[in-house]
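Residues per chain, in single letters:
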Amino acid sequence: MNTWRGPAALFTLALASSALAQDTTSDEIAKYRAVLQEGNPAELWELRGADLWQQKRGPRQVSLQGCDLGLGAGVVKGAYAQLPRYFPDADRVQDLETRLVWCMVRQQGYTEAEAKRNPFGDGNEHKSDLEALTAYVASESRGVKMDVSLRHPKELEAYRLGEALFFFRAGTHDFACATCHGEDGKRIRLQELPNLTTANGAQKAYTTWPAYRVSQGELRTFEWRLYDCFRQQRFPELVLDSDVAIALTMYVARNANGASFDAPAIKR
Amino acid sequence: MPDPMKIRATLVGDSTEVKVLMSHEMESGQRKDAQGQPIPAWFIQVVTVTWNDKTVLSAQWGTAVSKNPFLSFKFKGGAKGDRIMVTWTDSRGDTRTDVASVA
């Protein structure tokens, strides 16, 4: 008679697990992240970035320590939590990558093409300096409250443009960012998608980029996240340091105001 | 030259906990590139950790260890300021040594 018990027990188990599947899966993913956080390889990028920041590089052989990220020349601590912002010297709203490229061109004497080369790393042969520098600068804002300003008219303009782009439906799939990120409780496969129109959702998302992607073995920045979202939406390629990239960053970063920044993180 | 390691060594009770993050491709030799050609194996083979010149860990690694490996272990003893030295050698003969002190 024992043979009958097996299937019955299995059936009960199946019922219970399907009801709980969604919650337990995200719990398990959270646990997985917590375990990995301790040995987060993102630190390797932070180390390399810190080194690149201090090194005398480029045709003019100067370090980036004279680069003003918004809090004064060479001040890195807390800078990422206030970006993107308006920079009078560039007369433009810039995010971190754009600002780094700007400093590499103006101060170190690189050409724009050289500075922007290889924005996203690919293995040992194609390491990205920009990603490493971003990881380092972002790590210096860990624990700092997000405080992105809209005081300057150009900052407000960038935010409004970002908001419009966020809801702009286009491409072969008639997709907008808002299609996936405009409602609570949406997901792709088992990955929960943050609702970026709310403070809570934007905070959870924005404060955890850059992140080491275990599945790629690479550190990825928020710009990469936008770039890959564009690819997934079948949009034209997102150009680094374009007004579109900066505006979308501005929209999500500003919505995340008030949260404590907590990256580079680790993601699946 | 290979990228530096990140080493943390902390005193926990009467033992020292060592955590090491290494930067390495750890190519298994099982993968193929875009042209369908096998990517040659390239991985860390030997890891040695010394505490004030005494070997406290010696390991032989293979291709099953992940990319950018993280190693954590404890040994009995240790005091604040002691020298922890980690060395790895990979299958190409490249090697990297980094030093940290116990905190």
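Located above this text is the structure these notes cover.
Quick caveat: nothing in here was measured; it's all calculated off a predicted structure. (Residues numbered from 1 in each chain as written. Chains lettered and ligands numbered in written order. Predicted model: local features only at pLDDT ≥ 70, side-chain atom pairs only at ≥ 80, totals over all residues.)

## Quick look at the packing of helix H3 (residues 96-106) of chain A against helix H5 (residues 129-139) of chain A
Describing two packed helices takes the angle between their axes plus the distance from one axis to the other. Residue and element names in this part refer to chain A. Two elements in contact, H3 and H5, have axes whose closest approach is 10 Å; the angle formed by their N-to-C orientations is 115°. Considering the relative orientation of H3 and H5, their crossing is right-handed. Along the contact surface, H3 presents Leu96, Glu97 and Leu100, while H5 presents Leu130, Leu133, Thr134 and Val137. In the contact of H3 with H5, the residues fall into 5 nonpolar, 1 polar and 1 charged. (Axes fitted to C-alpha atoms, helices over the stretch in contact; angles between N-to-C directions. Helix = DSSP H or I, 4+ residues; strand = E, 2+ residues; numbered from the N terminus. Left-handed = near helix turned anticlockwise from the far one by under 90°. Contact = placed C-beta atoms within 7 Å. Nonpolar A, V, L, I, M, F, W, Y, C, P; charged D, E, K, R; others polar.)

## Some words on the sheet that holds strand S7 (residues 95-101) of chain B
Residue and element names in this part refer to chain B. Strand order in the open sheet formed by 4 strands is S4-S3-S6-S7, with antiparallel pairing between adjacent strands. Since the sheet does not close on itself, it has two edges, and those belong to strand S4 (54-60) and S7, each with one partner. The sheet shows a mean angle of 15° between the axes of neighbouring strands, direction not considered. Sheet topology note: the strand S3 (residues 44-51)/S4 ladder contains 6 bridges and is antiparallel. Of the residues in S4, the one forming a bridge with Thr50 is Thr55. (Pairing = 2+ DSSP bridges.)

## Here we look at the sheet that holds strand S2 (residues 15-21) of chain B
Residue and element names in this part refer to chain B. Taken together, the 3 strands give an open sheet; going across it, the order is S1-S2-S5, and neighbouring strands pair in antiparallel fashion. Whereas interior strands pair on both sides, the edge strands pair on one side only; in this sheet they are strand S1 (6-12) and strand S5 (70-76). Strand-to-strand twist of the sheet, defined as the mean angle between neighbouring strand axes without regard to direction, takes the value 15°. As defined by bridge partners, S1 adjoins S2 across 7 bridges and the pair is classed as antiparallel. Note on S2: the bridge partner recorded for Arg8 is Lys19.

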